[in-house]
Amino acid sequence: MALIKELDTGTPLRLAATTVTLTIDGQDVTVPTGTSVMAAAATMGTQIPKLCATDTLEPFGSCRLCLIEVEGRRGTPASCTTIAEDGMVVRTQTPKLAKLRRGVMELYISDHPLTCLTCSANGDCELQTQAGAVGLRDVRYGYEGENHLDAPTDASNPYFAFESSKCIVCNRCVRACEEVQGTFALTIEGRGFASKVSPGGTDFFSSECVSCGACVQACPTATLNEKSVIEMGVPEHSAVTTCAYCGVGCSFKAEMQGDKVVRMVPFKDGKANEGHSCVKGRFAYGYATHKDRITKPMIREKITDPWREVTWAEAIDHAASEFRRIQATYGRDAIGGITSSRCTNEETYLVQKLIRAGFGNNNVDTCARVCHSPTGYGLKVTLGTSAGTQDFRSVAAADVILVIGANPTDGHPVFGSRMKRRLREGARLIVADPRRIDLVKSPHVRADYHLQLKPGANVALINAMSHVVVTEGLVNEAYVRARCDLNDFETWARFIAEVRNSPEAVEEITGVPAADVRAAARLYATGGNAAIYYGLGVTEHSQGSTMVMGMANLAMATGNIGREGVGVNPLRGQNNVQGSCDMGSFPHELPGYRHVSDDATREMFEGLWGVKLQSEPGLRIPNMLDEAVQGRFKGIYIQGEDPAQSDPDTQHVTAGLRAMECVVVQDIFLNETAKYAHVFLPGASFLEKDGTFTNAERRISRVRKVMPPMAGYADWEVTQLLSNALGYPMDYRHPSQIMDEIAALTPTFSGVSFAKLERVGSIQWPCNEAAPNGTPMMHVDRFVRGLGKFMITEFVPTEERTGAKFPLILTTGRILSQYNVGAQTRRTENSRWHEEDVLDIHPFDAELRGIVDGDLVALESRSGDIAIKARISERMQPGVVYTTFHHAKTGANVITTDYSDWATNCPEYKVTAVQVRRTNRPSDWQAKFYDEEFSLKRIGGYLDAAE
């Protein structure tokens, strides 16, 4: 496959209801009103020479290379800043323009190194291309005068270099940092000849740069270039695929030399990201070929034994015989499995099919259990479907944005940049978060209200906002009458209007001044299109499901569901967590969110699968572990997940795993869970497989194989081998056949196929006869369930309470440079930004305990204790501390408890009562962890990339 070249129209293509027709070089062209002459010419195939212009940025008009002549006008205006008009007659190629362009290019080249043959961007440089386009053959200006040829190179960033001697000061990198990313880390220092690009007067690594790559993508020369390109040379072919990090689901061009990735370039036609990226998707793909990759199957009799490499056939046969033995001894329900939110839809579908049809039970669950299962429950009950309501583009039409329990700039940075762009355009912002996240105040973005609530008080806060809406007459009555169940609404309205739900009554519970709650509620209800975006700070609570229903109540009451710029929008964590839920990974639901007890649904699956299915729900992940500790659950197949690090109350999790007789782990690295495994089946990275991911906006996108699987098989093929060995035959030859089966069995996917995805790029479900092109926006004319259902959302305090022994509240989250349990990002240069987990603590709490910045402190809860370095931070409120869980050696989930959401068992990660004190040693758990690490390394059984 050749290198994919995307059309660059120079300025953004405009969308407008009206059009204009002009003549360019004798040819008529019709374009939307507001389109530049440069973009109009590009749509007809005419590329006007340019350097400062690119269609990801607004026109700037500084390079003076894109000059044109317009009939009836004096001079030679820049085509990028000249708007097309009806009847305009334009010439892009005349002797006068050619002379002017060559003169401009001469000036650029006179202060540019003429080392094209040895330049890292040779053949991929716009300056080089445009010099040829304008016919430059001679440079009259010598090198005797002052120049910038000796300007230094900044190689501080681990992923790209800034070779300032090649900079033409076109401003594209500065504008990309402002317009696309919204970080404002770059600027132009000096004036005139002394002008230069600067990352805030320091080097790139020390600056505010977030390494999103927008500046590198925008640079027309080799000034900003990927170190991989500098080392390997320019790529020669590419394929479009989908990022395997967060739930934004960015599309990338994997640009290759043979089967080696040279760089990942964000794909402009990717509907989720539209040509933008973050540091993880853009640069942190090296884990896929890291030396720690396990590429040979391994087995062992006991978890204290060293691993023994075996053939695929021996590993599969051993796993199958052990599972059959366990079921023969302990019963059919003694085994189960966990599907992966990092694997494709097709792979996840096969794992749940294997468990239901091959194991003969419904003991299947997924990591969504510990993150967004309350989203599925709460939205299905109120609106009728277990997914977000809008596409990402919808935020561009929002007038008020309410961010609750989410940190988009760190957790979902590409969407975060899109949101910041809308905020810079004038949208109002409400942030409800215990911490002062970046959105509260950052360059050119500031929240109107920061509702800095106490962890665990979400439901009290959302009830108080709804109380204001109901009691102050702000309900959209016409919407409620037309779209919602009136009896339910009236019952809810009476409940929510009670004084006990007022902002004043719950002020002590939430910690938020009543006046701020009232003002924020009024803004949400009256400020125009109001959109809610939320994350794990909503769902990972004992009242996670209640809170999701509470947000749906508020949105329905104000009429903010069913059109652009509104909605209730979960920001999903992992790349395919939405897809893993869609594919039937929960023990009570078959694909498409249909309950296993529904006879008609079950009969349809039985007819195609050729086997009788159980009608009773199986075990959830916490149930499996509890049953294992009690000796009744004996075997598990875990594909692509690491519950030993990611799930709460680590010591209980590991006790459950240790008690099992056959733990089969399928992954690309020996993770923490693999310490308790008896069979290890090597997995494949996203670069080694075909399939689809479904992102947080329900967008199904293709994943394309760009290199052969290092272990020989893609993950779906391994599952198929295991199923066949267990006696349940599977015979798929390509993932497209699996998707065809999904479509045949799942109404919301019935119109989805690989062939359609090749044609249209991506599709948002539902995609069926009623919506053959997909559904960007849900609940437009009616809710999926019919009438919207208001639910009573009684605030119930968590059972996890602070006291004299544990006076502080610990809440956890993620950071920009790392991802989830860190298995991927810790094996990249991203660790340069976040080498270890730290504990953020407010100065008041630190001073009270004699803690200074950088001290090693003991963090203790009722579940356990760890040692961690403290970081004094004004982002925290007194009484609340915060840490991440990206490093296994930290053991953050040793601290978290087994309290969980009442409806879904989603763990209450966000509320743990703790104490913090100074210490000078690791905890007992950490000391044991380090000892085990040393022992495992010594016998060659485990490698930790952090070491």
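Coordinates for the structure precede this section.
I will try to describe carefully the structure that is included in this document. Since the model is a prediction, treat every value here as computed from it, not as a measurement. (Residues numbered from 1 in each chain as written. Predicted model: local features only at pLDDT ≥ 70, side-chain atom pairs only at ≥ 80, totals over all residues. Heavy atoms only, no water.)

**Structural notes on the overall build of the protein chain**
Cut-off, in case you're wondering: Secondary structure elements follow DSSP: runs of H or I of four or more residues count as helices, runs of E of two or more count as strands, with numbering from the N terminus. With the radius of gyration taken over C-alpha atoms, the globule rule is written as 2.2 Å times the number of residues to the power 0.38. Burial classes follow relative accessibility: with a 1.4 Å probe on protein chains only, a residue under 20% of its type's maximum area counts as buried, one over 50% as exposed, and anything between as partly exposed. In what follows, a contact means two residues having at least one pair of non-hydrogen atoms within 4.5 Å.
Counting its regular elements, the protein chain contains 29 helices and 37 strands. Against the globule reference of 30 Å for 947 residues, the protein chain gives a C-alpha radius of gyration of 29 Å, in line with a compact fold. Summarising its shape, the C-alpha atoms of the protein chain cover approximately 90 × 70 × 65 Å along the three principal directions. The buried share of the protein chain, taken over its 947 residues, is 63%. Taking the contacts inside the protein chain whose residues are at least 6 apart along the sequence as the reference set, 73% of them involve residues at least 24 apart.

**With respect to the pairing of strand β2 (residues 27-32)**
What counts here: At least two bridges found by DSSP between two strands is the condition for calling them paired.
Sheet topology note: the strand β1 (residues 19-24)/β2 ladder contains 6 bridges and is antiparallel. The residue bridging Ile24 from the neighbouring strand is Gln27, located in β2. Hairpin connection of β1 to β2: 2 residues between the antiparallel strands, including Asp25 at a positive phi of 50°.

**Focus on the sheet that holds strand β26 (residues 635-639)**
This is how the line gets drawn: Lines fitted to the C-alpha atoms define the axes, with helices restricted to the stretch that makes contact. Angles between their N-to-C directions range from 0 to 180 degrees.
Sheet architecture is open: 7 strands sit in the order β14-β13-β28-β27-β26-β15-β16, paired in mixed fashion. Here the strands that pair on one side only, and so sit at the sheet edges, are β14 (308-309) and β16 (364-366). Helix α8 (residues 312-330) contacts β13 (298-299), β14, β15 (335-339), β26, β27 (662-667) and β28 (679-682) of the sheet and is inclined by roughly 135° relative to β28.

**As for the side chain of Thr409**
Assignment of secondary structure puts Thr409 in helix α11 (residues 408-411). Those residues in contact with Thr409, other than ones at most four positions away along the chain, are Gly416, Lys420, Asp438, Leu439 and Leu816.

**Some words on the packing of helix α13 (residues 458-471) against helix α15 (residues 486-496)**
To be explicit about the condition: Our angle categories are set so that under 35 degrees counts as roughly parallel, over 145 as roughly antiparallel, 65 to 115 as roughly perpendicular, and the remainder as oblique. Here the nonpolar group is Ala, Val, Leu, Ile, Met, Phe, Trp, Tyr, Cys and Pro; Asp, Glu, Lys and Arg are the charged ones; every other residue, Gly included, is treated as polar.
The N-to-C vectors of α13 and α15 enclose an angle of 105°; their axes lie 9 Å apart at closest approach. Relative to α15, the element α13 lies roughly perpendicular. Along the contact surface, α13 presents Asn463, Ser466, His467 and Val470, while α15 presents Trp492, Ala493, Phe495 and Ile496. Of the residues contributing to the contact of α13 with α15, the split by class is 5 nonpolar, 3 polar and no charged.

**Focus on the nonpolar core**
Counted only if it meets this: What makes a nonpolar core is a set of buried Ala, Val, Leu, Ile, Met, Phe, Trp, Tyr and Cys residues whose side-chain atoms join them at distances within 4.5 Å.
The biggest cluster of nonpolar side chains holds 70 residues, and the ones touching the most others in it are Phe160, Leu224, Ile401, Leu429 and Leu439. Broken down by element, the residue count for this core peaks at 4 residues, all from helix α12 (residues 413-424). Discounting chain neighbours no more than four positions away, the residues touching Leu439 are Val403, Pro408, Thr409, Met419, Lys420, Leu423, Leu429, Val431, Val445, Arg446 and Ala447. If you look at the next biggest cluster of nonpolar residues, it comprises 62 residues, including Ala319, Leu536, Val718 and Phe754.

**Let's talk about the pairing of strand β11 (residues 251-257)**
Regular strands have side chains that alternate between both faces of the sheet. Summarising burial for β11: 6 of the 7 residues are buried, a large majority. Bridge count for strand β10 (residues 237-242) against β11 is 6 bridges, and the pairing is antiparallel. Bridging from a neighbouring strand, Thr241 pairs with Phe252 of β11. Hairpin geometry of β11 and strand β12 (residues 260-266) is characterised by an intervening segment of 2 residues between the two adjacent antiparallel strands and by a positive phi of about 60° at Gly258.

**Some details on α13**
Two residues of an α-helix separated by three or four positions point the same way, owing to the 3.6 residues in each turn. Spelled out, the test is: The span expected for a helix works out to 1.5 Å for each residue beyond the first.
For α13, built from 14 residues, the straight-helix expectation of 20 Å at 1.5 Å per residue is met to within 8% by its first-to-last C-alpha distance of 20 Å. Most of α13 is tucked away, with 13 of its 14 residues classed as buried. Two residues or fewer past α13, Gly473 is found with a positive phi of approximately 70°.

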